[in-house]
Amino acid sequence: MNITEILPGIHYVGVNDRTTTRFEGLWSLPQGVSYNAYLVADEKVALIDTVEEGFGSRLTENIREAIGDRKIDYRVINHMEPDHSSSVRALRMLYPDIQIVGNAKTLQMLQGFYGIDTGTLEVKEGDSISLGSKTLSFYMAPMVHWPETMVTWCAEAGTLFSGDAFGTFGAIDGGITDSQIDPSRYWDEMRRYYACIVGKYGGPVQKALAKVRGLNPTTICSTHGPVWQREIPQVMDVYDRLSRYEGEPGVVIAYGSMYGNTEQMAERIARELAAEGVGPIFVHNMSYADESIVLRDVFRYDTLIVGGPTYNGGLYPPVARLLDLIAARCVPQRNFGWFGSFCWASAAVRCLGEFAQKMKWEAICEPVEMKQGFSPAWHEACHALAARIAGCMHR
Ligand code: FEO
């Protein structure tokens, strides 16, 4: 059984990357990542997406295994980010007659990144090319994840080649479609991928979802992670909720602490929340936490409590970094509480309040500000903050 032919005439030719430690140089990859590419082999052959340049030889081996010495007529670029496009120059040396298909923005980037401006075919919204018994149609999906992003639709196979949309971190272990693997390990990695990579673009993702629903695909071939068939409703639901920034009930407490005093506030608030019957609760020490996991949880849950000490007349840097990551993703609303500390001059709590104002998040409780060391004298203030947060969550 050749499982790389995921549907008649449609071949998976992507690769796993289990060696890169940081995607985009930023985001951890504890379970690796896949760069997916697909061949549609009909009377003509189209290659949709490619892989990161360092894996180019594996891509060409996969292509040869699928179609032997047949030529490739079209190379469709759904997305120009180099994890999918950087094999294009080498591919062109192997297949000099290949026609590169992209929209106007794609072709401008193709020239800018790789100096390629010949042998291209520009397509617009709704344009199609015929491969014989199958056609490929192109629909724009700007900002999912770059402005040039588009998706490719093969109506005869009910298959959507969706670019980064519906992608996830995590290499694919053995199987390729979601019925050949255990999909449960991907849901958290999908949320983490979404929050880190596409999280800023909720509106564009919603527009793309509307287009995809209209097509009603039975197979979704993303650029990262398994090919989705059986799990399409769950995949659509995850992307829909995240792109609406709709948090599930749950609390993320993210804090920084130099000597453990602010940490004790975080622990106390978490304990008080649990006593109020709130959950789930996730506590992250920002000096040690993987920020991609914290971002994932911020996207997933509806309540965020942040605390930190004052440092150099401002907010403790690891906590400030988290706020920057959240602000860059324009998260529109969370139940937000905050706390902080100082030794001789207050600043952290003010900075956290300014963050809430900047985000236009409604203030639902008074912050707790501690001078110097933690003691039982602060229990009541932590209780009050937790009780107010719990009240909002139970509304
Ligand atoms: Fe997987 Fe936006 O590239």
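Please read all numbers here as calculations on a predicted model, not as lab measurements.

## Some words on the pairing of strand S7 (residues 38-41)
Remark: a regular strand shows side chains that alternate across the two faces of the sheet. Neither face of S7 is left uncovered, since the one carrying Tyr38 and Val40 and the one carrying Leu39 and Ala41 both have all their residues buried. By the bridge criterion, three bridges tie strand S2 (residues 10-12) to S7 in an arrangement that is antiparallel. Opposite Ile10, over in S7, you have Val40 as the bridge partner. As paired elements, S7 and strand S8 (residues 45-48) share four bridges and run antiparallel to each other.

## Focus on the state of the cysteines
Evaluation of the coordinates by the stated rule reveals zero disulfides. The thiol of Cys221 is not disulfide-bonded; the next cysteine sulfur, from Cys154, is found 9.6 Å away. You can call Cys221 buried: its relative accessible area is 0%.

## Considering the packing of aromatic side chains
Applying the stated rule across the entire model yields 19 aromatic pairs. On the basis of an interplanar angle of 75° and a centroid distance of 5.7 Å, the ring pair of Tyr12 and Tyr38 is categorised as edge-to-face. In this pair, Tyr12 is assigned in strand S2 and Tyr38 in strand S7, connecting sequence segments 26 residues apart. Take Tyr12: its relative accessible area is 8%, and that puts it in the buried class. Note on Tyr38: relative accessible area 0%, which makes it buried. Taking the centre distance of 5.7 Å and the plane angle of 65° together, the rings of Phe336 and Phe355 count as edge-to-face.

## Brief notes about helix H7 (residues 232-243)
Taking 1.5 Å per residue as the helical rise, H7 with its 12 residues ought to reach 16 Å, and the 16 Å between its terminal C-alpha atoms agrees with that figure. Elements that come into contact with the buried residues of H7 comprise helix H5 (187-198), helix H6 (202-215), strand S16 (219-222) and helix H9 (291-300). At the exit of H7 stands Tyr245, carrying a positive phi of roughly 55°.

## Points about the pattern of salt bridges
A complete count under the given rule lists 19 salt bridges for this structure. A salt bridge links Arg300 to Asp188; the nearest nitrogen and oxygen atoms lie 3.3 Å apart. Placement of the pair is Arg300 in helix H9 and Asp188 in helix H5, with a sequence separation of 112 residues. Judged by its relative accessible area of 33%, Asp188 is partly exposed. Between Asp240 and Arg213 there is a salt bridge, and its shortest N-O distance comes to 3.6 Å.

## Some details on helix H10 (residues 317-328)
Here H10 is 12 residues long and its end C-alpha atoms lie 16 Å apart, about the 16 Å a rise of 1.5 Å per residue gives. Turning to H10, its buried residues are Val319, Leu322, Leu323, Leu325, Ile326 and Ala327. On the buried face of H10, the contacting elements are strand S5 (27-28), strand S17 (248-255), H9, strand S19 (301-311), strand S20 (314-315) and helix H11 (348-359). At the exit of H10 stands Cys330, carrying a positive phi of roughly 55°.

Reading guide: rules and limits
Residues numbered from 1 in each chain as written. Predicted model: local features only at pLDDT ≥ 70, side-chain atom pairs only at ≥ 80, totals over all residues. Heavy atoms only, no water. Buried < 20%, exposed > 50% of the residue type's maximum accessible area, 1.4 Å probe, protein only. Helix = DSSP H or I, 4+ residues; strand = E, 2+ residues; numbered from the N terminus. Pairing = 2+ DSSP bridges. Disulfide = S-S within 2.5 Å. Phe/Tyr/Trp six-rings, centres within 6.5 Å; stacked < 30°, edge-to-face > 60°. Expected span 1.5 Å × (residues − 1). Contact = heavy atoms within 4.5 Å. Salt bridge = Lys/Arg side-chain N within 4 Å of Asp/Glu carboxyl O.

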